[in-house]
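Listed below are the residues making up each chain.
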Number of protein chains: 2
Amino acid sequence: MNVELVNTGTELLLGDTINTNAAWIGQRLAALGVQVARQTIVPDGAVIRTAIAEAAQRADVVLVSGGLGPTNDDLTRESTAALLNLDMELDAGVMQHLEAYFAKRGKPVSAATQRQAMVPRGASVLPNAFGTAPGLYFPAELSAALGWNAHIFLLPGPPRELKPMVESEVETRLRQWLPDGASRRVLYLKVTGVGESDIVEAVEKQLEAIPGLDLGYCIRNGDVDVRLAGPQAAVDAAADVVRGALGDCIVSEDRRIIEEVVVQLLAERGQWLSTAESCTGGTIANRITDVSGASRVFGHGWVTYANEAKHQHLGVPMELIETHGAVSEEVARAMAEGALKNSGADHALSVTGIAGPTGGTPEKPVGTVWIALASKGAETWAIKRFSPGSRDRFKLLTSQAALDLLRRRLLGIGVR
Amino acid sequence: MNVELVNTGTELLLGDTINTNAAWIGQRLAALGVQVARQTIVPDGAVIRTAIAEAAQRADVVLVSGGLGPTNDDLTRESTAALLNLDMELDAGVMQHLEAYFAKRGKPVSAATQRQAMVPRGASVLPNAFGTAPGLYFPAELSAALGWNAHIFLLPGPPRELKPMVESEVETRLRQWLPDGASRRVLYLKVTGVGESDIVEAVEKQLEAIPGLDLGYCIRNGDVDVRLAGPQAAVDAAADVVRGALGDCIVSEDRRIIEEVVVQLLAERGQWLSTAESCTGGTIANRITDVSGASRVFGHGWVTYANEAKHQHLGVPMELIETHGAVSEEVARAMAEGALKNSGADHALSVTGIAGPTGGTPEKPVGTVWIALASKGAETWAIKRFSPGSRDRFKLLTSQAALDLLRRRLLGIGVR
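The structure displayed is predicted, hence computed values, not measured ones. (Residues numbered from 1 in each chain as written. Chains lettered and ligands numbered in written order. Predicted model: local features only at pLDDT ≥ 70, side-chain atom pairs only at ≥ 80, totals over all residues. Heavy atoms only, no water.)

Draft legend 1. Looking closely at the domain arrangement of chain A. Residues and elements named next belong to chain A. Entries for chain A in the domain assignment read domain 1 (3-177), domain 2 (184-252) and domain 3 (258-411). Taking only C-alpha atoms into account, the centre of domain 1 sits 34 Å from that of domain 2. Opposite the six residues of domain 1 that make contact, domain 2 presents eight residues. Counting the surface lost from both domain 1 and domain 2, the interface buries some 530 Å², and carbon and sulfur atoms represent 41% of this. In this structure, the connection of domain 1 to domain 2 is made through zero salt bridges. Connecting domain 1 to domain 2 are three residue pairs in polar contact (both at pLDDT 80 or more). Here the residues of the side of domain 1 that touches domain 2 sort into three nonpolar, two polar and one charged. (Domains from an automatic or database assignment. Contact = heavy atoms within 4.5 Å. Buried area = accessible area lost by both parts, 1.4 Å probe. Salt bridge = Lys/Arg side-chain N within 4 Å of Asp/Glu carboxyl O. Polar contact = N/O pair within 3.5 Å; in protein donor to acceptor, adjacent residues only side chain to side chain. Nonpolar A, V, L, I, M, F, W, Y, C, P; charged D, E, K, R; others polar.)

Right, dumping it as structure tokens:
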């Protein structure tokens, strides 16, 4: 099946908005086994009609986003109706939705907004639970008079309106049209601490031997999502292969990221975490507190960027720092154990390293980092990592490794 | 001038990579007064040739990215040469660059990589300082035989290779071709703490009266970049208008973000900052330590998520928390003053609020936050903000307001 995207919106071409809808739709369709054949971005205006016509000549399905709003430059609805020679009619259902939407906000429906209730004859309304502009679906027979055979969907531009509509309205229809659409499954295994090439090495040969399996890799925030799609049996067999080879590195099978997993594991155990960060500068605490409910598992964190802070607040002896250097196994362990003691938590993560771009030495180059985990009634773990590159990336990969250390302790699966 | 982008790469259509190059190029061209007319994304393969041909028929300039690498599915170079009927020749200069590049890494140049040294006759090599694949420029006369008049640029896909090449090779030529290209200026005024609609209200009428001015707004990380482009005199006049209306809210005129500005202001004064964060969970410390050189101005930070942490580490009296609640002006002030004392810093920022989604009350709904700034030898400032919405957005806007409070104190411009 040939699917094309047409994204409308001058803001996309000016670069004021990054086109995240397109990537998201690409992923959703890939999960159905469909690769988007082409994506066209055009500004608001008459060229929308041209772009839709070109796509409809080539494709079986055209997904158009944007330009359904109330302002003068929102022309997608009218352009498509004109292209397909369809009259517009006021739709009572949409009008009711608009009236209810604005009544809730104590406002009347303006004339401009009323345009959104105009529906081309033969098109179906796709309800919008998160905004005023409904989507529209033009079955392929509406383009037959022009010699085309394309199903055309008009979708709102804002992601929080577009995404639920794609899931409930577009994907449901695509599944009906795809030969294996109804029985098709997709599973994402999120793998941490292993590079993409090592994952390929570990599992790809076996996975390629599974008939009907669509395999994809997506690198996201330092982890790799292994995407397994196809018939249930193929996905199950593939998941067993990946679990067998990389089981202890699989963070989640439901797209949850590691901080969500770790907060849940702590909450289930009624345990508390504290953090003592030097080079990551609060990244670990920040990630943990991104998770709703973090306050049940996280109470105390330190950002001890200066040596005196490590000494004063975590009780790291100054001689230890002088003897081994701030970036050392000894200091990482002392930081974690100090944080454990001064917080009363069950676990304490510490990090000390050289984020760069300056401060490296031949023995400890930029990117060197020690991570330690102290836990009540257990031996303290310490690992060394090396992540050269930008500060951003260093902080991301280091915090990732630290959170994984905690995940391994909580699951009792040992350091890797 | 009509400019089109053609981005190649199956990973873009699968959604595995978000197309940030396109937004970045859109912004760079907007600064030159050129709006990208269309953007087309196609997968690796034969369709690249079709997409380039279609764009070259419509446009004066076609920027193509991706598909210049050494692997089998990198077809952009060969597709363009075939389209324009140009023979390929081994380029000695590129070959030298490749040999030097790989010698540095102790490797020979593989046969696959050698393909990158093949240059279509008549095209110019655009040097790539950050990778192996050179860019290529096909002057418009090369497409004249096909009845087109399009300058075609082939650019590498990786952003760190593409961006410097666009700046040094593409923009230089565009400036020559644009009627006002040589004299055109662009200025970004980064405005914090004021919404886009308030900025429009404050300055747009006056700005619209300036002849030749191109005006744009770009919302980025909670701030608004006001983009002023056009002849020098127009940009100068416009900048004066914005400075007059919003002067104390302008963070930078060189695209630096607020944490960079604040770290520099502290470093210039030889002063130190410490942080005491509750609901932002380390976001402020994290942002400060994203800036290279942060260790000269930041030494001690606390993430006091629990009330006992506020008491134990910052000396906030438990009675104060019980009387006024953890989210109160009194507690925010006490946190900042405690952090100032326990760190020995010159300034201490504190934050206490309700990030949500749970924990709100009718008096203190989700999104309520108090921010305080204590400084040596100055009165403590405290401000209340309300930022409902997602946790992400709450943390972003709250840390933004906190950093702005510090910026105002450092510049002596008072609380807004």
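Draft legend 2. Looking closely at the UniProt feature "domain: MoaB/Mog" (unreviewed entry) in chain A. UniProt feature "domain: MoaB/Mog" (unreviewed entry): in the numbering of this structure it lies at residues 4-177 of chain A. End C-alpha atoms of residues 4-177 of chain A are separated by 15 Å, and the span's content is 41% helix alongside 19% strand. (UniProt positions renumbered as here; feature names shortened; annotations may be inferred. Helix = DSSP H or I, 4+ residues; strand = E, 2+ residues; numbered from the N terminus.)

Draft legend 3. Structural detail: the sheet that holds strand β9 (residues 184-191) of chain A. All names here are of chain A. The four strands lie next to each other as β10-β11-β9-β12, forming an open sheet whose pairing is antiparallel. Each end of this open sheet is capped by a strand with a single partner; those strands are β10 (214-220) and β12 (250-252). The sheet shows a mean angle of 35 degrees between the axes of neighbouring strands, direction not considered. Here β10 runs beside strand β11 (residues 223-231); their pairing, made up of seven bridges, is antiparallel. Residue Gly216 lies in a different strand from β11, and its bridge partner there is Arg227. Here helix α8 (residues 196-208) sits on the sheet and contacts β9, β10 and β11; the angle it forms with β10, its principal contact strand, is near 170 degrees. Here helix α9 (residues 232-246) sits on the sheet and contacts β9, β11 and β12; the angle it forms with β11, its principal contact strand, is near 150 degrees. (Pairing = 2+ DSSP bridges. Axes fitted to C-alpha atoms, helices over the stretch in contact; angles between N-to-C directions.)

Draft legend 4. Summary view of the nonpolar core. Counting 48 residues, the largest nonpolar core has A:Leu29, A:Leu63, A:Leu155, B:Leu29, B:Leu63 and B:Leu155 as its most contacted members. Residues in contact with B:Leu63, not counting those within four places in the same chain, are B:Val3, B:Glu4, B:Leu5, B:Val6, B:Ile25, B:Leu29, B:Phe153, B:Leu155 and B:Val170. Within the second largest apolar cluster, 38 residues are counted, among which are A:Val316, A:Trp370, A:Ala372 and B:Ala374. (Core = buried A, V, L, I, M, F, W, Y, C linked by side-chain atoms within 4.5 Å. Buried < 20%, exposed > 50% of the residue type's maximum accessible area, 1.4 Å probe, protein only.)

Draft legend 5. Structural detail: the side chain of A:Ser375. Residue and element names in this part refer to chain A. Within the fold, Ser375 resides in strand β16 (residues 368-375). With a relative accessible area of 6%, Ser375 lands in the buried category. Side-chain polar atoms of Ser375 contact the side chain of Arg409, separated by 3.0 Å. If near-sequence neighbours (up to four positions away) are discounted, Ser375 is found in contact with Leu340, Asp346, His347 and Arg409.

Draft legend 6. Up close: the relation of the copies chain A and chain B. Each copy of the sequence occupies a distinct position, and chain A is placed on chain B by a rotation of 180 degrees and an axial shift of 0.2 Å, giving an RMSD of 0.3 Å. Look at the turn and shift together and you get a two-fold axis relating the two. Comparing contact sets, 100% of the residues at the interface of chain A also lie at the interface in chain B, consistent with an isologous, same-surface contact. (Least-squares fit on C-alpha atoms with pLDDT ≥ 70 in both.)

Draft legend 7. Representation of helix α5 (residues 92-104) of chain A within the structure. Residue and element names in this part refer to chain A. Taking 1.5 Å per residue as the helical rise, α5 with its 13 residues ought to reach 18 Å, and the 18 Å between its terminal C-alpha atoms agrees with that figure. The set of residues buried in α5 consists of Val94, Met95, Leu98, Tyr101 and Phe102. Projected down its long axis, α5 shows its buried positions confined to an angular sector of 125 degrees, all on one face. When the buried face of α5 is taken as reference, the exposed residues oriented beyond 90 degrees from it are Ala92, Gln96, Ala103 and Lys104. On its buried face, α5 sits against β4 (88-90), α6 (111-114), β5 (118-120) and β6 (124-126). (Expected span 1.5 Å × (residues − 1). Arc of directions from axis to C-beta.)

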